[in-house]
Amino acid sequence: KPLKIHILRNDNVKLWITLYYQKYHSVDFIKNHGCSILSASYLCQYLGHKATPAKVYKKAKKYVKGSGCKLAMGGVKQIVDKICGGNHTKAYAVTKKNIDSIMKIIDDTINKNGIVSVEEKSPIHTVTVVGKDTKGNYLVANYGKIQTYSKAKLKKIARSEERRVGKECR
């Protein structure tokens, strides 16, 4: 069964987001390459749209050009904005020089009850930051569950490659 988390959106709307476990998905592509599809699903749910990974995958195949719907962060932005209508996400290129300002953007977004998709490196993998715990660690939706990342860990994975892009969803 998928895990459901209860979060408070930045407009004070309480909502449930369903965290799907990629490995047990019925669509083979999502099972093997679907981390970015799952992240897009979480962003869409945050914005109030019932977007299962299968629905996101189907839309991505139709609207996002690329390698069989393995969405890079630009594809996540494109498909979220397509499903939810409008321009809801922002993309940032992360480099060694701007990582501190990117971490400030992530902190500001999370502190305002937003969520952020981050692409990791080694191996390349997309996760979604959905909040913080009482100790200030980040709560990260990853593989169908919530994991805790310290600020140092998030900073390290976000800057592990020169060109890394993150999404914020406010």
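Summarised in this report is the structure supplied together with it. (Residues numbered from 1 in each chain as written. Predicted model: local features only at pLDDT ≥ 70, side-chain atom pairs only at ≥ 80, totals over all residues. Heavy atoms only, no water.)

1. Considerations on the layout of surface pockets
Reasoning step 1: Size it by volume and the largest pocket reaches roughly 160 Å³.
Reasoning step 2: In this structure, the largest pocket is lined by Lys4, Trp16, Thr18, Tyr20, Gln45, Gly48, His49, Lys50, Ala51 and Thr52.
Reasoning step 3: Its residues assigned to classes, the lining of the largest pocket comprises three nonpolar, five polar and two charged. (1 Å grid on protein atoms, 1.4 Å probe; cavity = no way out; pocket = protein on both sides within 12 Å on 5 of 7 lines; lining within 4 Å. Points joined across faces, edges and corners; volume = space filled by probe spheres on them. Nonpolar A, V, L, I, M, F, W, Y, C, P; charged D, E, K, R; others polar.)

2. Concerning empty space enclosed by the protein
Reasoning step 1: Here the structure, examined in full by the defined rule, presents two cavities of 30 Å³ or more.
Reasoning step 2: If you trace the second largest cavity, you find 13 residues lining it, with Leu38, Tyr42, Thr126, Ala141 and Tyr143 closest to the centre.
Reasoning step 3: Counting only elements with at least two residues in the lining of the second largest cavity, the list comes to α2 (35–46), β5 (125–132) and β6 (138–142).
Reasoning step 4: When the residues that make up the lining of the second largest cavity are grouped by side-chain class, the tally is six nonpolar, seven polar and no charged. (Helix = DSSP H or I, 4+ residues; strand = E, 2+ residues; numbered from the N terminus.)

3. Things to note about the packing of helix α5 (residues 99–111) against helix α6 (residues 151–158)
Reasoning step 1: The geometry of α5 relative to α6 is characterised by a closest axis approach of 11 Å and an angle of 125° between their N-to-C directions. Relative to α6, α5 is oriented oblique. α5 and α6 meet at a crossing whose hand is right-handed. Facing Ile99, Asp100, Met103, Ile106 and Asp107 of α5, the residues of α6 in contact are Lys151, Leu154, Lys155 and Ala158.
Reasoning step 2: Of the residues contributing to the contact of α5 with α6, the split by class is five nonpolar, no polar and four charged. (Axes fitted to C-alpha atoms, helices over the stretch in contact; angles between N-to-C directions. Parallel < 35°, antiparallel > 145°, perpendicular 65-115°, else oblique. Left-handed = near helix turned anticlockwise from the far one by under 90°. Contact = heavy atoms within 4.5 Å.)

4. What about unusual backbone geometry?
Reasoning step 1: Although it is not a glycine, Asn113 adopts a positive phi angle of roughly 65°.
Reasoning step 2: On the secondary structure map, Asn113 appears in the loop between α5 and β4 (115–120).

5. Some thoughts on helix α4 (residues 73–84)
Reasoning step 1: Compared with the 16 Å implied by 1.5 Å per residue over twelve residues, the 16 Å span of α4 between its first and last C-alpha is a close match.
Reasoning step 2: Those residues of α4 not exposed but buried are Met73, Gly75, Val76, Ile79, Val80, Asp81, Ile83 and Cys84.
Reasoning step 3: Positive backbone phi, at 70°, marks Gly85, one or two positions downstream of α4. (Expected span 1.5 Å × (residues − 1). Buried < 20%, exposed > 50% of the residue type's maximum accessible area, 1.4 Å probe, protein only.)

6. Concerning the packing of aromatic side chains
Reasoning step 1: Scanning the entire structure with this criterion turns up one aromatic pair.
Reasoning step 2: With a centroid separation of 5.2 Å and an interplanar angle of 20°, the aromatic rings of Phe29 and Tyr57 are classed as stacked. With Phe29 in helix α1 (residues 28–33) and Tyr57 in helix α3 (residues 53–63), the pair connects residues that are 28 residues apart, well separated along the chain.
Reasoning step 3: Over the ring of Tyr63 we find Lys82; its NZ or CZ atom is 4.3 Å from the centre of that ring. (Phe/Tyr/Trp six-rings, centres within 6.5 Å; stacked < 30°, edge-to-face > 60°. Lys NZ or Arg CZ within 6 Å of the ring centre and 35° of its normal.)

7. Here's the deal with the pattern of salt bridges
Reasoning step 1: Tallied over the full model, the rule gives seven salt bridges.
Reasoning step 2: We note a salt bridge from Asp11 to Arg9, for which the minimum N-O separation is 3.0 Å.
Reasoning step 3: Exposure remark for Asp11: the relative accessible area of 44% places this residue in the partly exposed category.
Reasoning step 4: With its nearest N and O atoms 2.9 Å apart, the salt bridge here joins Asp81 to Lys77. Remark: Lys77 and Asp81 occur in helix α4; sequence separation between them is four residues, near one turn of the helix.
Reasoning step 5: The class of Asp81 is buried, set by a relative accessible area of 11%.
Reasoning step 6: Members of the salt-bridge network, linked through shared partners, are Asp107, Lys132 and Lys151. (Salt bridge = Lys/Arg side-chain N within 4 Å of Asp/Glu carboxyl O.)

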